[in-house]
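A look at the structure
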Amino acid sequence: MRKKALLVAMIMLLVVVLGACGGGNAPANNAEANNTEATNNEAAGTETEASDLKVGFVTDEGGINDQSFNQGVWEGLQKAKEDFGIEITYQESNDANDYAPNIETLIDEDCDLILAAGFNLGDVFLEAAEMNPDRLFAIVDVAYEEAPENLVGLNFKAQEPSFLVGYIAGLMTEEDHVGFVGGQESTLIIDFESGFIGGVNYAAKELDKEIETTVQYVGNFTDAAKGKSIATNMYQQGADIVFHASGGAGDGVIKAAEENDKWAIGVDRDQNDMAPDNVLTSAMKRADVAVYNVINDYVTTGEFPGGTNIINGLADGETVGIAPTSDKNVPPEILEKVDGIIQQIIDGEIEVPSTREEVEAAKAAQ
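Residues numbered from 1 in each chain as written. Predicted model: local features only at pLDDT ≥ 70, side-chain atom pairs only at ≥ 80, totals over all residues. Heavy atoms only, no water.

The subject of this paragraph is the nonpolar core. One finds V55, L77, I86, F192, F196, F243 and I295 to be the most contacted residues of the largest nonpolar core, which totals 71 residues. Considering every element that reaches this core, the biggest residue donor is helix 7 (residues 187–207), with nine residues. With near-sequence residues (within four places) excluded, L77 lies in contact with V55, F57, I88, L115, V291 and I295. Of all hydrophobic cores here, the second largest spans 19 residues; its members include I114, I139, V142 and L151. (Core = buried A, V, L, I, M, F, W, Y, C linked by side-chain atoms within 4.5 Å. Buried < 20%, exposed > 50% of the residue type's maximum accessible area, 1.4 Å probe, protein only. Helix = DSSP H or I, 4+ residues; strand = E, 2+ residues; numbered from the N terminus. Contact = heavy atoms within 4.5 Å.)

In C-alpha coordinates:
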(Lines give C-alpha, C1' and ligand atoms only; values in the text may rest on other atoms or scores of the structure.)
Protein backbone atom coordinates (compact mmCIF):
# COMPACT_ATOMS: atom_id res chain seq x y z
CA MET A 1 0.00 0.00 0.00
CA ARG A 2 2.82 2.35 0.85
CA LYS A 3 4.33 1.66 -2.57
CA LYS A 4 1.00 2.35 -4.24
CA ALA A 5 0.49 5.59 -2.31
CA LEU A 6 4.06 6.66 -3.16
CA LEU A 7 3.45 5.95 -6.84
CA VAL A 8 0.24 8.02 -6.84
CA ALA A 9 2.05 10.90 -5.15
CA MET A 10 4.85 10.79 -7.70
CA ILE A 11 2.36 10.84 -10.56
CA MET A 12 0.53 13.83 -9.06
CA LEU A 13 3.83 15.65 -8.60
CA LEU A 14 4.79 14.96 -12.23
CA VAL A 15 1.44 16.34 -13.43
CA VAL A 16 2.01 19.54 -11.45
CA VAL A 17 5.54 19.96 -12.83
CA LEU A 18 4.44 19.38 -16.42
CA GLY A 19 1.59 21.81 -15.96
CA ALA A 20 4.01 24.47 -14.75
CA CYS A 21 6.34 23.87 -17.68
CA GLY A 22 3.44 24.18 -20.07
CA GLY A 23 2.32 27.48 -18.60
CA GLY A 24 3.93 29.38 -21.50
CA ASN A 25 1.46 27.93 -23.98
CA ALA A 26 -1.08 30.77 -23.87
CA PRO A 27 -4.49 30.60 -25.55
CA ALA A 28 -4.77 32.05 -29.05
CA ASN A 29 -6.16 35.39 -27.83
CA ASN A 30 -3.25 35.76 -25.39
CA ALA A 31 -0.77 34.93 -28.17
CA GLU A 32 -2.26 37.76 -30.22
CA ALA A 33 -1.97 40.05 -27.23
CA ASN A 34 1.68 39.06 -26.85
CA ASN A 35 2.33 39.79 -30.53
CA THR A 36 0.69 43.20 -30.19
CA GLU A 37 2.73 43.86 -27.06
CA ALA A 38 5.94 42.89 -28.91
CA THR A 39 5.06 45.37 -31.66
CA ASN A 40 4.16 48.11 -29.18
CA ASN A 41 7.47 47.57 -27.39
CA GLU A 42 9.15 49.10 -30.41
CA ALA A 43 7.38 52.41 -29.92
CA ALA A 44 8.23 52.39 -26.22
CA GLY A 45 11.87 51.51 -26.90
CA THR A 46 11.76 48.51 -24.57
CA GLU A 47 13.45 45.18 -25.05
CA THR A 48 11.55 42.55 -27.03
CA GLU A 49 11.61 38.92 -25.93
CA ALA A 50 12.80 36.67 -28.74
CA SER A 51 10.10 34.11 -28.02
CA ASP A 52 7.45 36.74 -28.76
CA LEU A 53 8.69 37.38 -32.30
CA LYS A 54 7.31 35.58 -35.34
CA VAL A 55 8.83 36.51 -38.70
CA GLY A 56 7.36 35.68 -42.10
CA PHE A 57 9.08 35.97 -45.47
CA VAL A 58 7.52 36.47 -48.91
CA THR A 59 9.92 35.47 -51.70
CA ASP A 60 10.08 36.96 -55.15
CA GLU A 61 9.93 34.61 -58.12
CA GLY A 62 12.68 32.01 -57.95
CA GLY A 63 11.67 30.67 -54.56
CA ILE A 64 13.44 30.01 -51.31
CA ASN A 65 16.27 27.95 -52.87
CA ASP A 66 17.14 30.26 -55.78
CA GLN A 67 20.87 30.27 -54.82
CA SER A 68 20.55 34.07 -54.82
CA PHE A 69 18.91 36.84 -52.81
CA ASN A 70 15.76 34.93 -51.78
CA GLN A 71 17.94 32.21 -50.31
CA GLY A 72 20.18 34.82 -48.72
CA VAL A 73 17.26 36.35 -46.83
CA TRP A 74 16.13 32.92 -45.66
CA GLU A 75 19.64 32.09 -44.42
CA GLY A 76 19.62 35.30 -42.40
CA LEU A 77 16.31 34.29 -40.85
CA GLN A 78 17.61 30.83 -40.04
CA LYS A 79 20.59 32.32 -38.23
CA ALA A 80 18.28 34.64 -36.29
CA LYS A 81 16.16 31.65 -35.32
CA GLU A 82 19.25 29.78 -34.12
CA ASP A 83 20.56 32.75 -32.13
CA PHE A 84 17.32 34.15 -30.68
CA GLY A 85 14.79 31.34 -30.85
CA ILE A 86 12.36 33.33 -32.99
CA GLU A 87 9.69 31.60 -35.06
CA ILE A 88 10.12 31.84 -38.85
CA THR A 89 7.99 30.89 -41.84
CA TYR A 90 7.78 31.73 -45.53
CA GLN A 91 5.51 31.91 -48.58
CA GLU A 92 6.96 31.36 -52.06
CA SER A 93 5.84 33.50 -55.01
CA ASN A 94 5.70 32.00 -58.49
CA ASP A 95 4.62 35.28 -60.11
CA ALA A 96 3.26 38.72 -59.27
CA ASN A 97 -0.23 37.37 -58.63
CA ASP A 98 1.10 35.60 -55.53
CA TYR A 99 2.53 38.67 -53.77
CA ALA A 100 -0.59 40.11 -52.12
CA PRO A 101 -2.12 36.74 -51.12
CA ASN A 102 1.21 35.62 -49.65
CA ILE A 103 1.51 38.78 -47.57
CA GLU A 104 -2.08 38.37 -46.40
CA THR A 105 -1.37 34.76 -45.41
CA LEU A 106 1.49 35.84 -43.17
CA ILE A 107 -0.65 38.55 -41.62
CA ASP A 108 -3.35 35.97 -40.93
CA GLU A 109 -0.69 33.74 -39.34
CA ASP A 110 0.03 36.54 -36.84
CA CYS A 111 3.55 37.32 -38.01
CA ASP A 112 4.93 40.33 -36.12
CA LEU A 113 7.54 41.14 -38.77
CA ILE A 114 7.02 40.45 -42.47
CA LEU A 115 9.95 40.45 -44.90
CA ALA A 116 10.04 40.53 -48.68
CA ALA A 117 12.81 40.35 -51.28
CA GLY A 118 12.85 42.10 -54.63
CA PHE A 119 11.80 45.39 -56.18
CA ASN A 120 8.83 43.71 -57.84
CA LEU A 121 7.08 43.60 -54.45
CA GLY A 122 7.68 47.27 -53.70
CA ASP A 123 4.19 48.69 -54.36
CA VAL A 124 2.13 45.86 -52.89
CA PHE A 125 4.38 45.74 -49.82
CA LEU A 126 3.97 49.47 -49.20
CA GLU A 127 0.19 49.11 -49.43
CA ALA A 128 0.25 46.21 -46.96
CA ALA A 129 2.34 48.20 -44.50
CA GLU A 130 -0.01 51.17 -44.69
CA MET A 131 -3.07 48.94 -44.13
CA ASN A 132 -1.49 47.09 -41.20
CA PRO A 133 0.17 49.64 -38.90
CA ASP A 134 0.27 47.09 -36.08
CA ARG A 135 2.78 44.93 -37.99
CA LEU A 136 6.40 45.57 -38.97
CA PHE A 137 7.63 45.26 -42.56
CA ALA A 138 11.11 45.11 -44.12
CA ILE A 139 11.92 44.69 -47.80
CA VAL A 140 15.19 44.00 -49.58
CA ASP A 141 16.12 46.02 -52.69
CA VAL A 142 13.46 48.73 -52.39
CA ALA A 143 14.03 52.33 -51.27
CA TYR A 144 10.93 54.40 -50.57
CA GLU A 145 10.73 58.18 -50.79
CA GLU A 146 8.21 58.19 -47.96
CA ALA A 147 7.74 55.01 -45.96
CA PRO A 148 5.42 54.61 -42.98
CA GLU A 149 6.96 54.15 -39.54
CA ASN A 150 6.46 50.38 -39.67
CA LEU A 151 8.35 49.84 -42.96
CA VAL A 152 12.09 49.82 -43.69
CA GLY A 153 13.91 49.36 -47.02
CA LEU A 154 17.11 47.29 -46.93
CA ASN A 155 19.31 48.29 -49.84
CA PHE A 156 22.84 47.78 -51.11
CA LYS A 157 25.33 49.66 -53.23
CA ALA A 158 25.31 46.76 -55.68
CA GLN A 159 27.59 48.66 -58.04
CA GLU A 160 30.48 48.42 -55.54
CA PRO A 161 30.99 44.63 -55.39
CA SER A 162 30.17 44.55 -59.11
CA PHE A 163 33.03 46.97 -59.74
CA LEU A 164 35.37 44.67 -57.82
CA VAL A 165 34.45 41.56 -59.81
CA GLY A 166 34.60 43.61 -63.00
CA TYR A 167 38.12 44.68 -62.08
CA ILE A 168 39.05 41.03 -61.49
CA ALA A 169 37.51 40.03 -64.82
CA GLY A 170 39.37 42.80 -66.60
CA LEU A 171 42.71 41.68 -65.17
CA MET A 172 42.08 37.99 -65.81
CA THR A 173 40.42 37.85 -69.24
CA GLU A 174 42.67 36.25 -71.82
CA GLU A 175 40.41 37.13 -74.75
CA ASP A 176 39.85 40.80 -73.84
CA HIS A 177 36.14 40.04 -74.02
CA VAL A 178 33.76 39.55 -71.06
CA GLY A 179 30.00 39.41 -70.65
CA PHE A 180 27.18 40.50 -68.36
CA VAL A 181 23.85 38.66 -68.07
CA GLY A 182 21.09 40.53 -66.25
CA GLY A 183 17.73 39.24 -65.08
CA GLN A 184 14.89 41.73 -65.40
CA GLU A 185 16.13 45.09 -66.64
CA SER A 186 15.64 47.67 -63.91
CA THR A 187 17.46 50.41 -62.03
CA LEU A 188 18.74 47.85 -59.54
CA ILE A 189 20.19 45.44 -62.10
CA ILE A 190 21.66 48.33 -64.06
CA ASP A 191 23.59 49.10 -60.85
CA PHE A 192 25.21 45.67 -61.21
CA GLU A 193 25.79 46.13 -64.93
CA SER A 194 27.29 49.62 -64.57
CA GLY A 195 29.53 48.72 -61.67
CA PHE A 196 30.82 45.65 -63.50
CA ILE A 197 31.60 47.52 -66.72
CA GLY A 198 33.17 50.31 -64.68
CA GLY A 199 35.50 47.78 -63.03
CA VAL A 200 36.36 46.16 -66.37
CA ASN A 201 37.16 49.57 -67.86
CA TYR A 202 39.28 50.51 -64.85
CA ALA A 203 41.35 47.35 -65.31
CA ALA A 204 41.60 47.98 -69.05
CA LYS A 205 42.99 51.43 -68.38
CA GLU A 206 45.49 49.98 -65.92
CA LEU A 207 46.60 47.46 -68.57
CA ASP A 208 46.47 50.09 -71.34
CA LYS A 209 44.17 48.10 -73.62
CA GLU A 210 40.55 47.77 -74.72
CA ILE A 211 38.28 45.10 -73.25
CA GLU A 212 34.87 44.44 -74.78
CA THR A 213 31.86 43.84 -72.52
CA THR A 214 28.76 42.22 -74.04
CA VAL A 215 25.46 42.82 -72.21
CA GLN A 216 22.19 40.91 -72.50
CA TYR A 217 19.11 40.47 -70.30
CA VAL A 218 17.05 37.34 -69.65
CA GLY A 219 13.84 39.26 -68.96
CA ASN A 220 13.17 37.52 -65.63
CA PHE A 221 14.93 35.88 -62.71
CA THR A 222 13.81 32.28 -63.21
CA ASP A 223 14.56 31.10 -66.75
CA ALA A 224 17.78 29.12 -66.27
CA ALA A 225 17.52 27.66 -69.77
CA LYS A 226 17.56 31.13 -71.31
CA GLY A 227 20.35 32.24 -69.00
CA LYS A 228 22.37 29.26 -70.17
CA SER A 229 21.62 29.99 -73.83
CA ILE A 230 22.69 33.64 -73.51
CA ALA A 231 25.93 32.78 -71.72
CA THR A 232 26.74 29.95 -74.14
CA ASN A 233 26.38 32.37 -77.03
CA MET A 234 28.67 34.88 -75.30
CA TYR A 235 31.32 32.21 -74.82
CA GLN A 236 30.99 31.15 -78.45
CA GLN A 237 31.41 34.77 -79.52
CA GLY A 238 34.73 35.01 -77.67
CA ALA A 239 33.96 36.02 -74.08
CA ASP A 240 35.84 33.98 -71.51
CA ILE A 241 34.30 35.45 -68.32
CA VAL A 242 30.59 36.15 -67.77
CA PHE A 243 29.11 37.87 -64.71
CA HIS A 244 25.43 37.33 -63.99
CA ALA A 245 22.96 39.29 -61.88
CA SER A 246 19.92 37.24 -62.75
CA GLY A 247 18.77 35.25 -59.73
CA GLY A 248 17.76 31.68 -60.57
CA ALA A 249 18.34 32.32 -64.28
CA GLY A 250 22.00 32.61 -63.36
CA ASP A 251 22.09 28.90 -62.59
CA GLY A 252 22.09 28.46 -66.35
CA VAL A 253 24.95 30.92 -66.77
CA ILE A 254 27.07 28.94 -64.33
CA LYS A 255 26.11 25.70 -66.07
CA ALA A 256 27.18 27.18 -69.42
CA ALA A 257 30.56 28.14 -67.94
CA GLU A 258 31.02 24.61 -66.69
CA GLU A 259 30.11 23.02 -70.03
CA ASN A 260 32.29 25.42 -72.03
CA ASP A 261 35.21 25.33 -69.58
CA LYS A 262 35.01 29.11 -69.07
CA TRP A 263 34.63 31.40 -66.09
CA ALA A 264 31.39 32.60 -64.54
CA ILE A 265 31.06 35.18 -61.78
CA GLY A 266 28.30 34.61 -59.24
CA VAL A 267 26.09 37.13 -57.46
CA ASP A 268 24.53 37.88 -54.06
CA ARG A 269 25.86 34.73 -52.36
CA ASP A 270 29.15 32.88 -52.71
CA GLN A 271 28.22 30.65 -55.66
CA ASN A 272 31.53 28.82 -56.01
CA ASP A 273 29.99 25.63 -54.67
CA MET A 274 27.78 25.43 -57.77
CA ALA A 275 30.83 24.89 -60.01
CA PRO A 276 34.08 25.11 -58.00
CA ASP A 277 36.34 25.00 -61.06
CA ASN A 278 34.35 27.53 -63.09
CA VAL A 279 33.02 30.18 -60.68
CA LEU A 280 35.84 32.68 -60.56
CA THR A 281 34.41 34.82 -57.76
CA SER A 282 31.06 36.25 -56.69
CA ALA A 283 29.79 39.77 -56.07
CA MET A 284 28.42 39.45 -52.56
CA LYS A 285 25.29 41.35 -51.57
CA ARG A 286 24.69 40.00 -48.07
CA ALA A 287 20.92 40.10 -47.68
CA ASP A 288 21.36 37.54 -44.90
CA VAL A 289 23.47 39.96 -42.88
CA ALA A 290 21.17 42.95 -43.50
CA VAL A 291 18.09 40.98 -42.40
CA TYR A 292 19.86 39.48 -39.39
CA ASN A 293 21.04 42.90 -38.25
CA VAL A 294 17.51 44.33 -38.25
CA ILE A 295 16.18 41.38 -36.25
CA ASN A 296 19.12 41.47 -33.85
CA ASP A 297 18.55 45.15 -33.10
CA TYR A 298 14.82 44.64 -32.60
CA VAL A 299 15.18 41.58 -30.40
CA THR A 300 17.88 43.10 -28.20
CA THR A 301 16.75 46.74 -28.00
CA GLY A 302 13.16 46.87 -29.24
CA GLU A 303 14.19 49.44 -31.85
CA PHE A 304 12.99 49.17 -35.46
CA PRO A 305 14.29 51.54 -38.19
CA GLY A 306 10.86 52.10 -39.73
CA GLY A 307 10.33 55.03 -42.08
CA THR A 308 13.93 54.81 -43.34
CA ASN A 309 16.05 53.20 -46.02
CA ILE A 310 19.23 51.45 -44.92
CA ILE A 311 21.94 51.60 -47.58
CA ASN A 312 24.67 48.98 -47.20
CA GLY A 313 28.04 49.39 -48.91
CA LEU A 314 31.75 48.58 -48.73
CA ALA A 315 32.23 51.04 -45.90
CA ASP A 316 30.08 48.83 -43.66
CA GLY A 317 32.66 46.06 -43.93
CA GLU A 318 30.25 43.10 -43.90
CA THR A 319 27.33 43.49 -46.30
CA VAL A 320 28.98 43.75 -49.73
CA GLY A 321 32.26 42.56 -51.22
CA ILE A 322 33.72 39.60 -53.05
CA ALA A 323 33.24 35.96 -52.08
CA PRO A 324 35.52 34.44 -49.44
CA THR A 325 36.33 31.60 -51.86
CA SER A 326 37.83 34.05 -54.37
CA ASP A 327 41.32 32.92 -53.36
CA LYS A 328 40.63 29.50 -54.92
CA ASN A 329 40.71 30.84 -58.49
CA VAL A 330 41.92 34.44 -58.32
CA PRO A 331 45.71 34.90 -57.98
CA PRO A 332 46.87 36.44 -54.68
CA GLU A 333 48.52 39.40 -56.40
CA ILE A 334 45.17 40.35 -57.96
CA LEU A 335 43.35 39.98 -54.64
CA GLU A 336 45.94 42.28 -53.11
CA LYS A 337 45.12 44.85 -55.77
CA VAL A 338 41.42 44.42 -55.04
CA ASP A 339 42.08 45.29 -51.39
CA GLY A 340 43.60 48.55 -52.57
CA ILE A 341 40.63 49.26 -54.84
CA ILE A 342 38.24 48.66 -51.92
CA GLN A 343 40.04 51.22 -49.80
CA GLN A 344 40.07 53.76 -52.63
CA ILE A 345 36.31 53.33 -53.08
CA ILE A 346 35.71 53.78 -49.35
CA ASP A 347 37.94 56.86 -49.32
CA GLY A 348 36.13 58.35 -52.30
CA GLU A 349 39.16 58.23 -54.57
CA ILE A 350 37.31 55.98 -57.03
CA GLU A 351 33.75 56.89 -57.98
CA VAL A 352 31.89 53.73 -58.90
CA PRO A 353 29.34 54.21 -61.70
CA SER A 354 25.76 53.11 -61.07
CA THR A 355 24.20 54.18 -64.39
CA ARG A 356 25.08 53.67 -68.03
CA GLU A 357 25.59 57.41 -68.40
CA GLU A 358 28.12 57.39 -65.57
CA VAL A 359 29.93 54.48 -67.21
CA GLU A 360 30.28 56.45 -70.43
CA ALA A 361 31.38 59.58 -68.60
CA ALA A 362 34.02 57.69 -66.63
CA LYS A 363 35.36 56.01 -69.75
CA ALA A 364 35.52 59.33 -71.60
CA ALA A 365 37.47 60.85 -68.72
CA GLN A 366 40.10 58.07 -68.73
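To continue, consider the packing of aromatic side chains. Evaluated as defined, the whole model comprises 12 aromatic pairs. Among the aromatic side chains, those forming a connected cluster through ring pairs are F180, F196, Y217 and F243. In this arrangement the basic side chain of K79 is found over the ring face of Y292, its NZ or CZ atom lying 5.0 Å from the centre. Here the basic side chain of K285 rests over the ring of F69, its NZ or CZ set 5.6 Å away from the ring centre. (Phe/Tyr/Trp six-rings, centres within 6.5 Å; stacked < 30°, edge-to-face > 60°. Lys NZ or Arg CZ within 6 Å of the ring centre and 35° of its normal.)

What follows concerns the pairing of strand 6 (residues 177–182). In terms of residue burial, strand 6 counts as a mostly covered element, since six of its six residues are buried. Taking every second residue as pointing to the same face, both faces of strand 6 are buried, with H177, G179 and V181 on one and V178, F180 and G182 on the other. In this sheet, strand 7 (residues 212–217) lies alongside strand 6 in parallel orientation, the contact comprising six bridges. The partner of H177 across the bridge, within strand 7, is E212. Regarding the hand of the β-α-β motif, the stretch spanning strand 6, helix 7 and strand 7 is right-handed. (Pairing = 2+ DSSP bridges. Right-handed = clockwise from strand over helix to strand, strands pointing away.)

Among the residues making up helix 4 (residues 99–108), those that are buried are Y99, N102, I103, L106 and I107. Projection of helix 4 onto a plane perpendicular to its axis shows the buried side chains occupying an angular sector of 140 degrees, all on one side. The secondary structure elements touched by the buried residues of helix 4 are strand 1 (54–58), strand 2 (87–91), strand 3 (113–117), helix 5 (122–131) and strand 4 (136–140). With its phi angle positive at about 65 degrees, D110 sits one or two positions after the end of helix 4. (Arc of directions from axis to C-beta.)

To continue, consider the side chain of H177. Topologically, H177 is positioned in strand 6. Only 2.8 Å separates the side chain of H177 from the side chain of T214, close enough to count as a polar contact. Those residues in contact with H177 that lie beyond four places of it in its chain are I211, E212, T214, Q237, G238, A239, D240 and I241. (Polar contact = N/O pair within 3.5 Å; in protein donor to acceptor, adjacent residues only side chain to side chain.)

Per the counting criterion, the structure on display carries 15 salt bridges. Linking K54 and E87 is a salt bridge whose minimum nitrogen-to-oxygen distance equals 3.7 Å. Of this pair, K54 sits in strand 1 while E87 sits in strand 2, and the two are 33 residues apart along the sequence. Taking the relative accessible area as the measure of exposure, E87 reaches 46% and is therefore partly exposed. With a shortest N-O distance of 2.8 Å, R286 and D288 are connected by a salt bridge. Where salt bridges share partners, they join D110, D134 and R135 into one cluster. (Salt bridge = Lys/Arg side-chain N within 4 Å of Asp/Glu carboxyl O.)

A surface patch of like charges, here negative, comprises E351, E357, E358 and E360. Within the secondary structure, E351 sits in the loop between helix 11 (332–346) and helix 12 (356–365). By relative accessible area, which is 72% here, E351 ends up exposed. (Patch = residues over 30% accessible without salt bridge, like charges linked within 9 Å, V, L, I, M, F, W, Y side chains within 5 Å. Areas by Shrake-Rupley, 256 points an atom, 1.4 Å probe, with all protein chains shown as cover. Lys, Arg positive; Asp, Glu negative; His and termini not counted. Charge placed at Lys NZ, Arg CZ, Asp CG, Glu CD.)

This part covers the environment of F304. As for its position among the elements, F304 is in the loop between helix 10 (287–301) and strand 11 (308–312). Counting along the chain gives 153 residues from F304 to L151, while the straight-line C-alpha distance between them is 8.8 Å.

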